[in-house]
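# Structural description and commentary
Chain residues, written in single-letter form:
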Amino acid sequence: MLSDQLVVERIRRDFPIFSRLENGKPLIYLDSAATSQRPIQVINAVVEFYEKINSNVHRGLYTMSEEATEAYEAARANVSSFVGCKPEELVFTRNATEALNLVAFSWGRANIKQGDTILITQMEHHSNIIPWQILSAEKKAHLEYIRITDDGLLDPVSVEEGLGKGPKIVAITQASNVLGTINDVKAIAKKAHEAGAICLVDGAQSVPHMPINVKEIGCDFLAFSGHKMLGPMGIGGLYGEFDLLDSMPPFLTGGEMIKEVNLEGASWNDVPYKFEAGTPNVEGAIGLSAAVNYLKGIGMGWVRSHERELIARALPLMLDENGVKVYGPTNPEQRGGVISFNVEGVHAHDVAEIFDSEGITIRSGHHCAMPIMNKFGIPATARVSFYVYNYGDEINVLMNAIKKVKRVFSVG
Ligand SMILES: Cc1ncc(COP(=O)(O)O)c(C=O)c1O
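Residues numbered from 1 in each chain as written. Predicted model: local features only at pLDDT ≥ 70, side-chain atom pairs only at ≥ 80, totals over all residues.

## A look at the overall build of the protein chain
Our working rule: Helix and strand assignments follow DSSP, with helices taken as H or I runs no shorter than four residues and strands as E runs no shorter than two, numbered in order from the N terminus. For the radius of gyration, the atom set is restricted to C-alpha positions; the globular benchmark scales as 2.2 Å times the number of residues to the power 0.38. Exposure classes come from backbone-placed C-beta atoms, where a residue is buried if 20 or more other C-beta atoms lie within 10 Å of its own, exposed if 12 or fewer do, and partly exposed in between. What counts as a contact is two residues whose backbone-derived C-beta atoms lie within 7 Å of each other.
Summing up its helical and strand segments, the protein chain has 14 helices and 17 strands in all. For 412 residues, the compact-globule estimate of 2.2 N^0.38 gives 22 Å, and the C-alpha radius of gyration of the protein chain, at 22 Å, lies within 12% of that figure. By principal-axis analysis of the C-alpha atoms, the protein chain measures approximately 70 × 55 × 40 Å. Counting all 412 residues of the protein chain, 48% fall into the buried class. Look at the contacts in the protein chain between residues 6 or more apart in sequence, and 70% of them connect residues 24 or more apart.

## What about the sheet that holds strand β9 (residues 221-225)?
Within a sheet, each strand pairs with its neighbour through backbone hydrogen bonds, oriented either parallel or antiparallel. Let me state the cut-off plainly: For two strands to pair, DSSP has to find at least two bridges joining them. For helices, the axis comes from a line fit to the C-alpha atoms of the stretch in contact; other axes are also lines fit to C-alpha atoms, and the angle between any two N-to-C directions lies between 0 and 180 degrees.
What the seven strands build is an open sheet, ordered β4-β10-β9-β8-β7-β5-β6; its pairing is mixed. The two strands at the open ends of the sheet, each matched to only one other strand, are β4 (90-93) and β6 (142-146). Between one strand and the next, the sheet's axes are offset by a mean angle of 20 degrees, whatever the strand orientation. Of the strand pairs in this sheet, strand β7 (residues 169-173) and strand β8 (residues 198-202) are connected by five bridges, and their pairing is parallel. Residue pairing in the sheet places I169 in a bridge with I198 of β8.

## Some words on the domain arrangement of the protein chain
Convention followed: Where a domain begins and ends is set by an automatic assignment or by a domain database. Only Asp, Glu, Lys and Arg are considered charged in this grouping, and only Ala, Val, Leu, Ile, Met, Phe, Trp, Tyr, Cys and Pro are considered nonpolar; every other residue, Gly among them, is considered polar.
Taken domain by domain, the protein chain comprises domain 1 (4-30 + 299-409) and domain 2 (44-297). One C-alpha centre belongs to domain 1, the other to domain 2; they are set 28 Å apart. Contacts between the two partners involve 24 residues from domain 1, matched on the other side by 21 residues from domain 2. Those elements that place two or more of their residues in the side of domain 1 that touches domain 2 are α11 (300-320), β14 (338-343), α13 (370-376) and β17 (381-385). A per-class count over the side of domain 1 that touches domain 2 returns ten nonpolar, nine polar and five charged.

## What about the packing of helix α3 (residues 63-83) against helix α10 (residues 282-298)?
Going by this rule: Should an angle fall under 35 degrees it is called roughly parallel, over 145 degrees roughly antiparallel, and 65 to 115 degrees roughly perpendicular, with every other angle called oblique. Here a crossing is called left-handed whenever its near helix is offset anticlockwise from the far helix by less than a right angle, and right-handed whenever the offset is clockwise.
As a packed pair, α3 and α10 sit with axes 8 Å apart at the nearest point and diverge in direction by 45 degrees. Classified by the angle their axes make, α3 and α10 are oblique. As α3 runs across α10, the sense of the crossing is left-handed. Side by side, α3 and α10 meet where A68, A71, Y72, A74, A75, R76, N78, V79 and F82 of the first sit next to V282, A285, I286, L288, S289 and V292 of the second.

## Re helix α2 (residues 40-53)
To keep it simple, the criterion reads: Expected helix span is taken as 1.5 Å per residue step, with the number of steps being one fewer than the number of residues.
End to end, α2 covers 19 Å across 14 residues, agreeing with the expected 20 Å (1.5 Å per residue, within 8%). Turning to α2, its buried residues are V42, A45, F49 and I53. Those residues of α2 that are buried lie in contact with α3 and α10.

## Points about the sheet that holds β17
An order of β13-β14-β17-β16 is seen for the four strands of this open sheet, with the pairing classed as antiparallel. Here the strands that pair on one side only, and so sit at the sheet edges, are β13 (324-327) and β16 (363-365). Neighbour to neighbour, the strand axes of the sheet diverge by 30 degrees on average, direction disregarded. Here β14 pairs with β17 via four bridges, running antiparallel. Across the sheet, the residue bridging to S340 is R383, located in β17. In this fold helix α12 (residues 348-357) packs onto β14, β16 and β17, with an angle of close to 160 degrees to the strand it touches most, β16.

## So, the site of the ligand
Under the convention used in this document: Residues are counted as near a molecule or strand when the C-beta atom, derived from backbone positions, lies within 6 Å of that molecule or strand.
Taken together, N95, A96, T97, H125, S127, N128, T173, N177, D202, A204, Q205 and S225 make up the full set of residues adjacent to the ligand. Among the residues making up the shell around the ligand, the classes are represented as two nonpolar, nine polar and one charged.

## Quick notes on the nonpolar core
Nonpolar side chains in soluble globular proteins tend to end up buried together. Definition in use: Structurally, a nonpolar core is described as a collection of buried Ala, Val, Leu, Ile, Met, Phe, Trp, Tyr and Cys residues joined by way of C-beta atoms within 7 Å.
Core analysis: the largest hydrophobic core is formed by 120 residues, its most contacted members being C199 and C219. Broken down by element, this core gets its largest block of residues, nine residues, from α10. When residues no more than four places from it in sequence are discounted, the contact partners of C199 are V170, I188, A189, A192, H193, C219 and D220.

## A short note on the confidence of the model for the protein chain
Our working definition: In predicted models, pLDDT denotes the confidence assigned by the predictor to each residue on a 0 to 100 scale.
Averaged over all residues, the pLDDT of the protein chain equals 97, while 100% of them reach at least 70. The secondary-structure element of the protein chain with the lowest mean pLDDT is strand β11 (residues 258-262), recorded at 93, while β9 shows the highest, at 99.

## Considering the environment of I286
Turning to its location among the elements, I286 is positioned in helix α10. I286 gets classed as buried once you count the C-beta atoms within 10 Å, which come to 25. As a C-alpha pair, I286 and A75 span 211 residues in sequence and 5.5 Å in three-dimensional space.

## Overview of the packing of α12 against helix α14 (residues 394-409)
Two quantities define a packed helix pair, namely the angle between the helix axes and the distance between the axes. Two elements in contact, α12 and α14, have axes separated by 9 Å at closest approach and are oriented at 120 degrees. Here α12 lies oblique to α14, going by the angle between them. Regarding α12 and α14, the two cross each other, and that crossing is right-handed. Note on element contacts: α14 touches α12 through A401, K404, V405 and V408, opposite V351, I354 and F355.

## Overview of α10
Relative to the 24 Å expected for 17 residues at 1.5 Å per residue, α10 spans 25 Å between its end C-alpha atoms, a close match to the ideal helical length. Most of α10 is tucked away, with 13 of its 17 residues classed as buried. A positive phi of about 100 degrees marks G299, the residue just after α10.

## Points about the pairing of strand β5 (residues 117-121)
For clarity, the threshold we go by: For the handedness criterion, the strands are oriented away from the viewer, and a crossover whose path from the first strand over the helix to the second runs clockwise is classed as right-handed.
With five of five residues buried, β5 lies mostly within the body of the structure. Here β5 shows two buried faces, one formed by T117, L119 and T121 and the other by I118 and I120. Relative to β6, β5 runs parallel, the two sharing five bridges. Across the sheet, T117 pairs through a bridge with H142, a residue of β6. Following the backbone out of β5, through helix α5 (residues 130-139) and into the adjacent parallel β6, one traces a crossover that is right-handed. Bridge count between β5 and β7: two bridges; the pairing is parallel. From the neighbouring strand, L119 faces β7, where its bridge partner is V170.

And the structure:
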């Protein structure tokens, strides 16, 4: 059995980006929650598509187009099995945002009526808030939020209160991109069903980081993005339970999503093509499939335990550091691979700039989750996020960078 250090060394050799320097220092990439880096296997898969089989899918009758179609559908089969669903239950989208909007637009407009309740949480990314705000305003429905505790967990009383309102849908993130909190979406999906609701899971921060099986979770929808899981940008997915998808009206319309069109009207293509209007991101799907192969090669169990170890090492150091405020659960077991923090008296953007001078790339800002910022009464946080290519030793560099911030600003 290779030690984590050796596994990470081997993994890093596949990522060309790590040969670059950041401000003259070795690149320490701690912004994978925003977007991950890509291994050469993914880059090659995309290049190979263009070099060898570039053509449109589902329409050409020539050999090369059939090969492109086969590769695209093979990608669907591979990515769907990665999240535990059937190929026809996986709609390729641009990203998690588009997948979430698809559900709100298509399922939501067909099923939400005046006076209905939509239940989400206070820890959602804007992409799982705004579509519901717009839908509820349009339909005169009630948008309710499950509150979070000061520890960054879902408030169990608020969960019960929300479900008690008889929502039609519960839309919830599996892992918070700010607080790191991992929500028990299996339990929530069960409770949602008992309350008569369907359950949509935002898997943008969970699918890349832990083994996921939608049938085990028992959710009705799951949204995710390829670029956060070693895949290309501009490709993502929506799992939808087949009968639900089948019953829903189209989202975007045009080519490929129809069966027949005449001047009077049109009929819709089968699921999932009904939801894939226009020329799809074929090379993106093929690249995402290569990313899935890469993650399967490492093992999602290893990915989760590696990140858990990094968090278990970094979190106590950051919690103990004078003048540093850490947000989210203090128990590493309740967290994914992100830690948001502030250095007291210093704006998060200044923290990020000093980190950058040390070769460490982190995100600062509201992380597209302003309701969380409001809950904690802050405008922004700095955020580090770990992935498969991060070494434990990088945490020492991170802690030294925090000390440098305190020195430069004479705080803490
Ligand atoms: C929890 C969560 N949901 C949704 C998204 C949206 O992802 P994308 O921008 O890839 O659509 C993000 C992105 O950071 C996220 O962290």
